[in-house]
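Spelled out from the first residue to the last, the chains are:
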Amino acid sequence: MDFLKYPFNVQKLGKILVTAVGITSIAWVIYSPYLPKNYSLKEGQIATKTIVSPKHAGIEVFEKHTPHALKNHYSRLFSVDKTINQEILDTLEEMFSDLRSKKCTSLSENILNNIYQLSPTSFNTLEYYSLFLAKHCLEEGVLSTRNLCETLEQKANFLKLSPDQKSLVITIIKPLMKPNITYNESSTKFLEKNQKSGTTITLREGQPIVYKGDRITAQHLLLLHALELRNTKPNYEKFFGILLVTVLLFLLLERYLYYFHPDLHSQPKYFALIYCIMLVVLSMARLFESIPTTPYHLSFLFLVPIPIAAMILSFLSTPRISFLCGTIISILVAISSYFQMDVFMYLFLSHCVTIFAVYDKHSRLGLIKSGYIVGLFNVLIVCATGMMGTQSNLVWFVTNGAIAILNGIFSSMIALAVLPYLENLFGITTRQTFLELAHLDHPLLKRLLQVAPGTYQHSLMVANLAESAA
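Predicted, not measured: the structure shown is a model, and the values here were computed from it.

Colleague: Quick question: what am I supposed to make of the overall build of the protein chain here?
Modeller: Summing up its helical and strand segments, the protein chain has 20 helices and six strands in all. Buried positions account for 41% of the 470 residues belonging to the protein chain. Long-range contacts, defined here as pairs at least 24 residues apart, represent 76% of the contacts in the protein chain between residues at least 6 apart. As displayed, the protein chain has an accessible area near 27,200 Å², and 62% of this comes from carbon and sulfur atoms.

Colleague: What is the right way to look at the packing of helix H12 (residues 268-290) against helix H13 (residues 306-316) in this model?
Modeller: Geometrically, a packed helix pair is captured by the angle between its two axes and the distance between the axes. Contact geometry for H12 and H13: axes closest at 10 Å, N-to-C directions at 170°. Overall, the two elements H12 and H13 adopt an arrangement that is roughly antiparallel. Residues Tyr-270, Leu-273, Ile-274, Ile-277 and Val-281 of H12 form the contact with H13, whose own contacting residues are Ile-306, Ala-309, Ile-312, Leu-313 and Leu-316. Classifying every residue of the contact of H12 with H13 by side-chain character gives ten nonpolar, no polar and no charged.

Colleague: What am I meant to see in the environment of Ser-330 here?
Modeller: Note that Ser-330 resides in helix H14 (residues 319-336). A residue is classified by how much of its surface remains accessible, and Ser-330, at 0% relative accessible area, is buried. When the C-alpha atoms of Ser-330 and Leu-347 are compared, they prove to be 5.5 Å apart, with 17 residues separating the residues in sequence. Within the structure, Ser-330 has its side chain in polar contact with the backbone oxygen of Gly-326 (distance 2.8 Å). A distance of 3.3 Å separates a polar atom in the side chain of Ser-330 from the backbone nitrogen of Phe-348.

Colleague: Sorry, what's going on with the packing of aromatic side chains here?
Modeller: Aromatic ring pairs are reported here in terms of the distance separating the ring centres and the angle at which the planes meet. For the structure on display, the rule yields 15 aromatic pairs. Arranged with centres 5.4 Å apart and planes meeting at 65°, the rings of Tyr-31 and Phe-239 form a pair that is edge-to-face. Here the residue Tyr-31 occupies a position in helix H1 (residues 2-31), and Phe-239 occupies one in helix H10 (residues 236-260), the gap between them amounting to 208 residues. Relative accessible area serves as the criterion here: at 8%, Phe-239 is assigned to the buried category. In this structure an aromatic cluster arises from ring pairing among Trp-28, Tyr-31, Tyr-34, Phe-239 and Phe-240. Sitting over the ring of Tyr-116, Lys-102 keeps its end group 5.6 Å from the ring centre. In this structure, Lys-238 is placed above the aromatic ring of Tyr-34, and the distance from its NZ or CZ to the ring centre is 4.8 Å.

Colleague: Looking at this model, I keep getting lost on the layout of surface pockets. Mind explaining?
Modeller: Vacant regions in the atomic arrangement are exposed by a probe of water-molecule size rolled over the atoms. Approximately 890 Å³ is the volume attributed to the second largest pocket. Forming the walls of the second largest pocket are 23 residues, and the residues nearest its centre are Lys-15, Ile-16, Thr-19, Glu-254 and Phe-271. Mapped by element, the contributors of at least two residues to the lining of the second largest pocket are H1, H10 and H12. In terms of residue count, H1 provides more of the lining of the second largest pocket than any other element does, ten residues in total. Counted by class, the lining of the second largest pocket contains 14 nonpolar, six polar and three charged residues.

Colleague: When you look at the nonpolar core in this model, what are you seeing that I'm missing?
Modeller: Generally speaking, nonpolar side chains in soluble globular proteins are found buried as a group. Counting residues in each nonpolar core, the largest one holds 60 residues, and the members touching the most others are Ile-274, Ile-277, Met-278, Leu-282, Ile-312 and Ile-329. Secondary-structure elements contributing two or more residues to this core are H1, H10, H12, H13, H14, helix H15 (341-358), helix H16 (364-388) and helix H17 (394-426). For this core, the element with the most residues is H12, which contributes nine residues. Look past the residues within four positions of Ile-277 in its chain and what remains in contact with it is Ala-309, Ile-312, Leu-313 and Leu-422. Ranked by size, the runner-up nonpolar core spans 34 residues in total, among them Leu-89, Leu-126, Tyr-128 and Ala-156.

Colleague: What's the story with the pattern of salt bridges in this structure? I'm lost.
Modeller: Pairs can form between side chains of opposite charge once their charged atoms are near each other. This model, assessed by the stated rule, comprises three salt bridges. The shortest N-O distance in the salt bridge between Lys-178 and Glu-87 comes to 3.9 Å. Of this pair, Lys-178 sits in the loop between helix H7 (163-173) and strand E4 (181-183) while Glu-87 sits in helix H3 (residues 82-100), and the two are 91 residues apart along the sequence. Under the relative-accessibility criterion, Lys-178 is labelled partly exposed at 37%. A relative accessible area of 41% means that Glu-87 is categorised as partly exposed. A salt bridge links Glu-254 to Arg-255; the shortest N-O distance between them is 2.7 Å.

Colleague: When you look at the packing of helix H5 (residues 120-140) against H7 in this model, what are you seeing that I'm missing?
Modeller: Where H5 contacts H7, the axes come no closer than 10 Å and their chain directions differ by 55°. Here H5 lies oblique to H7, going by the angle between them. The element H5 and its partner H7 pack so that their crossing is right-handed. For the pair H5 and H7, contact is made by Leu-126, Tyr-129, Ser-130, Leu-133 and Ala-134 and by Gln-165, Leu-168, Val-169, Ile-172 and Ile-173, respectively. Grouping the constituent residues of the contact of H5 with H7 by class yields eight nonpolar, two polar and no charged.

Colleague: Help me out: how do you make sense of helix H6 (residues 148-156) in this one?
Modeller: One full turn of an α-helix is made of 3.6 residues, so residues set three or four places apart face in the same direction. Burial in H6 covers these residues: Leu-148, Leu-152, Lys-155 and Ala-156. In a view along the axis of H6, the buried residues occupy a sector of 100°, so they form one face of it. In the core, the buried residues of H6 are packed alongside H5 and H7.

Colleague: How do you make sense of unusual backbone geometry when you look at a structure like this?
Modeller: For residues besides glycine, phi is generally negative; the peptide bonds are generally trans as well. The backbone phi angle of Lys-102 is positive, close to 55°, even though this residue is not glycine. Mapped onto the secondary structure, Lys-102 falls in the loop between H3 and helix H4 (109-116).

Colleague: How do you make sense of H16 when you look at a structure like this?
Modeller: For H16, with 25 residues, the first-to-last C-alpha span of 36 Å sits near the 36 Å given by 1.5 Å per residue. Within the sequence span of H16, burial applies to Gly-366, Leu-367, Ser-370, Gly-371, Val-374, Gly-375, Asn-378, Ile-381, Val-382, Thr-385 and Gly-386.

Colleague: Explanation requested: the environment of Cys-276 in the structure shown.
Modeller: Secondary-structure assignment places Cys-276 in helix H12. Judged by its relative accessible area of 35%, Cys-276 is partly exposed. Sequence separation between Cys-276 and Ala-309 is 33 residues; the distance between their C-alpha atoms is 10.0 Å.

Definitions and limits used
Residues numbered from 1 in each chain as written. Predicted model: local features only at pLDDT ≥ 70, side-chain atom pairs only at ≥ 80, totals over all residues. Heavy atoms only, no water. Helix = DSSP H or I, 4+ residues; strand = E, 2+ residues; numbered from the N terminus. Buried < 20%, exposed > 50% of the residue type's maximum accessible area, 1.4 Å probe, protein only. Contact = heavy atoms within 4.5 Å. Areas by Shrake-Rupley, 256 points an atom, 1.4 Å probe, with all protein chains shown as cover. Axes fitted to C-alpha atoms, helices over the stretch in contact; angles between N-to-C directions. Parallel < 35°, antiparallel > 145°, perpendicular 65-115°, else oblique. Nonpolar A, V, L, I, M, F, W, Y, C, P; charged D, E, K, R; others polar. Polar contact = N/O pair within 3.5 Å; in protein donor to acceptor, adjacent residues only side chain to side chain. Phe/Tyr/Trp six-rings, centres within 6.5 Å; stacked < 30°, edge-to-face > 60°. Lys NZ or Arg CZ within 6 Å of the ring centre and 35° of its normal. 1 Å grid on protein atoms, 1.4 Å probe; cavity = no way out; pocket = protein on both sides within 12 Å on 5 of 7 lines; lining within 4 Å. Points joined across faces, edges and corners; volume = space filled by probe spheres on them. Core = buried A, V, L, I, M, F, W, Y, C linked by side-chain atoms within 4.5 Å. Salt bridge = Lys/Arg side-chain N within 4 Å of Asp/Glu carboxyl O. Left-handed = near helix turned anticlockwise from the far one by under 90°. Arc of directions from axis to C-beta. Expected span 1.5 Å × (residues − 1).

Laid out in structure tokens, this is it:
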């Protein structure tokens, strides 16, 4: 009788392999933001695509005239220190908070009087442009404060500000600015080894390094290496750590279904449904995360369609399973977005609100209304995360609040559109399906009414009694 066990073992092995591949693919999606971009180029090759700088960086190269000078003067790579940038921006935000409450003591009395006389709209404009100008200058890099005033004036000329406003902005920003260019030792050693001529190169984020069709030179290779775009090895330890977390989360989900929903645990289609929903949401989160955004204002992560997952899983399984799956998605997206706590809070709370909003909703109109409710709660969650993150710019709240409310509205529409397809694909019957089958225009009910009207009326009476008893 051993041959009877063989098909079972093969089937069980197949399920294990499919599960392993599925979990590994999800872990890889989460790990993908940590993958370095490597370009396998050699000197003399023709570039097949345009390569741009992923960050702001400055490369300072000194000329060498003698062997002694070559020994004492060498190329040095500098990069922008984001920690210093954040400290300055936080200090600037705290200053405006103090100005708003009239507790600021870091500015002169004359400047304070001018600021306190501004209207609320003018004050918000002053705050917005001060933060914008400071962030823009810091991202480009501040080597020294010697010519800082001239630099700020040149950049402020591009802003639509009156002379008084421009003067106030520069007066507020200038005392807080400090050099944020730090020495990169590892890349400098590489430059020391390969440098041939002296020059000074400053790269901005998004600035092309190599254009399509250009011939690769030694300088191109040095820049790519300095920006960690060449010969950079992936951190596989991080991947295995993410894979381990993913395995543990899915193991918790499997045990939950085993103990509390054994009827669903015995049906692989529910595992396939959960996996597909998670993979789609995580992939879309990764897509939104990779979209370049306007500095300081916009976060496309508020567009992550986690309400769709909550709605679909609530209808096709149970709200409790949906809650657990939403928690897992929120954790994995937070890991993918470099462990941002505000991202986890937004996704987790939005998922919970969606579960409550769609609970006991059986009609299409009810589902659409739930989308508006979710959108409004999303706005409140965005406001809460912004205030906890010391955001004080009205533009940030307006833009991200609009994204959040659209997320809820469009999620309900998309869920309503794809639910029938998922029901047919996975062979799952929902309450909506029963309601459609029970419609009086259904051909079977019409035939029953014509052929056996007594049975039809009797069935309606029994159904009404059962509904009352329930």
